[in-house]
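Residue-level listing of the chains:
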Amino acid sequence: QVRLVESGGGLVQAGGSLRLSCAASGNIFSINTMGWYRQAPGKQRELVAAISRSGSPNYADSVKGRFTISRNNAENTMYLQMNSLKPEDTAIYYCKADLNTSPRFIYWGQGTQVTVSS
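The residue count restarts for each chain, going from 1 along the sequence in the order it is written. Predicted model: local features are reported for residues with pLDDT of at least 70 only, side-chain atom pairs are reported and counted for 80 or more only, and whole-chain, interface and lining totals are derived from all residues. Side-chain metrics in this entry use all non-hydrogen atoms of the structure; hydrogen atoms and water are not considered.

(A) Structural view of the packing of aromatic side chains. Side-chain rings of Phe, Tyr and Trp, where Trp is taken by its six-membered ring, are said to pair if the distance between their centres is within 6.5 Å; with planes under 30 degrees apart they count as stacked, over 60 as edge-to-face, and otherwise as tilted. Under the criterion given, the structure shown has two aromatic pairs. Between tyrosine 37 and tryptophan 108, the ring centres sit 5.0 Å apart and the planes meet at 70 degrees, which makes this aromatic pair edge-to-face. Here tyrosine 37 is found in strand β4 (residues 31–39), whereas its partner tryptophan 108 is found in strand β10 (residues 106–108), with 71 residues between them in sequence. Only protein chains enter the accessibility calculation, which uses a 1.4 Å probe; a residue whose area is less than 20% of its type maximum is buried, one above 50% is exposed, and one in between is partly exposed. When its relative accessible area of 17% is taken as the criterion, tyrosine 37 is described as buried. For tryptophan 108, a relative accessible area of 37% puts it in the partly exposed group. An angle of 85 degrees between the planes, with centres 6.5 Å apart, marks the rings of tyrosine 94 and tryptophan 108 as edge-to-face. Placement of tyrosine 94 in strand β9 (residues 91–99) and of tryptophan 108 in strand β10 is noted, with a sequence separation of 14 residues between them. With relative accessibility at 12%, the residue tyrosine 94 sits in the buried group. Ring-pair connections join several aromatic residues into one group, and the members of that group are Tyr37, Tyr94 and Trp108. Cation placement over rings: the criterion is NZ of Lys or CZ of Arg within 6 Å of the ring centroid and within 35° of the ring normal. Sitting above the plane of the tyrosine 79 ring, arginine 19 keeps its charged end 4.0 Å from the centroid. Sitting over the face of the ring of tyrosine 94, arginine 45 holds its NZ or CZ atom 3.7 Å from the ring centroid. Numbered from the N terminus, helices here are DSSP runs of H or I no shorter than four residues, and strands are runs of E no shorter than two.

Shown next, in the form of structure tokens:
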């Protein structure tokens, strides 16, 4: 089992920056890909960015060039640096971990609110 705890959300003005953190504990050696997802009111949860265990990232088109995902396997932590924030980035941001188990298990954090004011 894996526990994920997000932090770093808050209220920021458009154009500002925030850094989200996701701390993992438990069966961390089974964690493969990790990712950040977000869900705005009335919308479906969507992928923001993901990163493999080796550090290879991929991003949603809407955040490319503004957000940077990273992870520190030694500290069991994943980050999302968010720059040039826009009001449309407002959402609850969730951390997700995919385990390299069979069957494959997926874990989610509880979410952290990001609000960008115009």
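(B) Inspection of the sheet that holds strand β3 (residues 18–26) at higher detail. Strands are labelled as partners when DSSP assigns at least two bridges between them. What the four strands build is an open sheet, ordered β1-β3-β8-β7; its pairing is antiparallel. Two strands in the sheet have a free side with no partner beyond their single neighbour: β1 (2–7) and β7 (67–72). Along the sheet, successive strands turn relative to each other by an average axial angle of 15 degrees, direction set aside. Bridge count for β3 against strand β8 (residues 77–82) is six bridges, and the pairing is antiparallel. Whenever a helix is involved, its axis is fitted only over the stretch in contact; in every case the axis is a line through C-alpha atoms, and angles between N-to-C directions fall within 0 to 180 degrees.

(C) Expanded view of the pattern of salt bridges. The working definition used for a salt bridge is a side-chain nitrogen of Lys or Arg within 4 Å of a carboxyl oxygen of Asp or Glu. Tallying each qualifying case throughout the model produces six salt bridges. Between glutamate 46 and arginine 38 there is a salt bridge, with the nearest N and O atoms lying 2.7 Å from each other. When its relative accessible area of 36% is taken as the criterion, glutamate 46 is described as partly exposed. Taking relative accessible area as the criterion, arginine 38 reaches 6% and is therefore assigned buried. The partner of lysine 96 in a salt bridge is aspartate 98, and the shortest N-O contact between them spans 3.8 Å. With relative accessibility at 11%, the residue lysine 96 sits in the buried group. Salt bridges sharing partners connect three or more residues here, namely Arg38, Glu46, Arg66 and Asp89.

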